[in-house]
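Chains, contacts and geometry: an overview
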Amino acid sequence: MTLSRHYMKRCLDLASLGLGSVAPNPMVGSVIVYKDKIAGEGYHKGYSMPHAEVNAIQSVKNKKILKESVLYVSLEPCCHYGKTPPCTDLIIQHEIPRVVIATVDPYDAVAGKGISKLRNNGIKVDVGLMRQEAMSLNKRFFTFHEKNRPYIILKWAQTADAFIDIERLPGTPARPTWITSEKLRMLVHKWRTEEQAIMVGTITALKDNPRLNVRDWSGKQPTRIVIDENLTLSRSLNLFDNSQNTLVFNQIKNESIDKTHWIQIDFANPAFLKNVLEVLKDKGIQSVIIEGGQKLLQAFIRENLWDEARVFQGSKFFIKGLRAPTLSHDSFSQEIIGNELLYWIKNPKNPY
């Protein structure tokens, strides 16, 4: 590995520390190199907090060396006023002579303008070092801005004989049918802290009465999203406890009570799911885990509105029950966790 790649990899490692804390901003890391040694570094720690370049510059004790240093950053520095001042202005102010950037920012307010501003002020700018790795790290951010929708993660657990639920008889208590171990359930709670929202359909809400919150991990609570076309779900369900932000897509009303928001949408429209994602995009939600049942998951698969799938396979056999969704794929990775399997499947149409 060349020194330049070493420094950029450090930027990416730092950036990843912001997962679950910076959205809807991207994860960004930055290092400052003086005479082939890292003199300062930083990353974007949280939404509305200082950006990576600011933290890296502030970490350098002797600011005089900045005039002879190289700033590495995993994403193009911003050049506009948002929650914080432009990073380009700070770089120019300290007369940093060279900036190495992994990839251009897809956000319209930046999108090459930061690079142009630096170059117009006499700074040498190199772009493209570890570009693919940087885009992959910010797959949610890039999908949001380039596909105009949230990044969609399908998640389900299935038995060894490919069922996701037992055969439910009338009067069966509303609770989940556990297929995987407690260790894997903890992993799912970790994932929930990393994404902005979780979605379920009417049947899952009714049969499982889920909380869709984070209990077995530490982190932010996601926005809960419920598909309830005719508002048949009881307000006594856990999803309506107003403990966290909850969106209920339905065809009857628009209303807000405390943290629960009913959003009216046309279910008869063939582009129904796309319209739901458009509303979520307008609300700044960059990523959603679909934890619904077979019907909702299969709908996203059918419309090709997904970016990755995470499928657990347990060791249990149900013999009969509700079949798991079917997802055709050419490639996947597999992880063995105890007696269970975790399949990671990427949609080939998502380049990240």
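The following refers to the structure shown. (Residues numbered from 1 in each chain as written. Predicted model: local features only at pLDDT ≥ 70, side-chain atom pairs only at ≥ 80, totals over all residues. Heavy atoms only, no water.)

What follows is about helix H9 (residues 272–282). Taken together, the buried positions of H9 are Phe272, Leu273, Val276, Leu277 and Leu280. Each buried residue of H9 sits inside an arc of 140 degrees when the element is viewed along its axis, so together they form one side. Buried residues along H9 sit against strand S6 (151–158), strand S8 (197–200), strand S9 (223–227), strand S10 (246–250), strand S13 (287–290) and helix H10 (294–302). One or two positions beyond H9, positive phi appears at Gly284, with a value near 80 degrees. (Buried < 20%, exposed > 50% of the residue type's maximum accessible area, 1.4 Å probe, protein only. Helix = DSSP H or I, 4+ residues; strand = E, 2+ residues; numbered from the N terminus. Arc of directions from axis to C-beta. Contact = heavy atoms within 4.5 Å.)

Okay, the pairing of S13 next. Across the two faces of S13 the burial is the same, with Ser287 and Ile289 and Val288 and Ile290 all buried. Bridge count for S6 against S13 is 4 bridges, and the pairing is parallel. The residue of S13 that forms the bridge with Ile152 is Val288. Here S8 pairs with S13 via 3 bridges, running parallel. Across the sheet, Ala197 pairs through a bridge with Val288, a residue of S13. (Pairing = 2+ DSSP bridges.)

The final tally for this structure, using the stated rule, is 16 salt bridges. Between Arg98 and Asp126 there is a salt bridge whose closest N-O contact spans 2.8 Å. With Arg98 in strand S4 (residues 98–101) and Asp126 in strand S5 (residues 124–127), this pair connects stretches of sequence that are 28 residues apart. Overall, Asp126 belongs to the partly exposed group, its relative accessible area being 24%. Among the ionic pairs, Arg140 bridges to Glu195, the shortest N-O distance being 2.7 Å. Highlighted residues: Arg140 in helix H6 (residues 139–146) and Glu195 in the loop between helix H7 (182–194) and S8, separated in sequence by 55 residues. Grouping residues by exposure puts Arg140 and Glu195 together as buried. A single network of salt bridges, built from pairs that share partners, joins Arg98, Lys124 and Asp126. (Salt bridge = Lys/Arg side-chain N within 4 Å of Asp/Glu carboxyl O.)

Quick look at the sheet that holds S5 now. On the basis of which strands lie adjacent, the open sheet formed by 5 strands has the order S2-S1-S3-S4-S5 and mixed pairing. One side of each edge strand has no neighbouring strand; the edge strands of this open sheet are strand S2 (37–43) and S5. On average, adjacent strands in this sheet sit at an angle of 15 degrees to one another, irrespective of strand direction. Here strand S1 (residues 29–34) pairs with strand S3 (residues 70–73) via 4 bridges, running antiparallel. (Axes fitted to C-alpha atoms, helices over the stretch in contact; angles between N-to-C directions.)

This paragraph deals with the layout of surface pockets. Empty space within the largest pocket amounts to approximately 1400 Å³. Of all the elements in the fold, those that place two or more residues in the lining of the largest pocket are S6, strand S7 (163–165), H7, helix H8 (202–208), H9 and H10. (1 Å grid on protein atoms, 1.4 Å probe; cavity = no way out; pocket = protein on both sides within 12 Å on 5 of 7 lines; lining within 4 Å. Points joined across faces, edges and corners; volume = space filled by probe spheres on them.)

In short, the description is geometric, and any link to function would need to be established separately.
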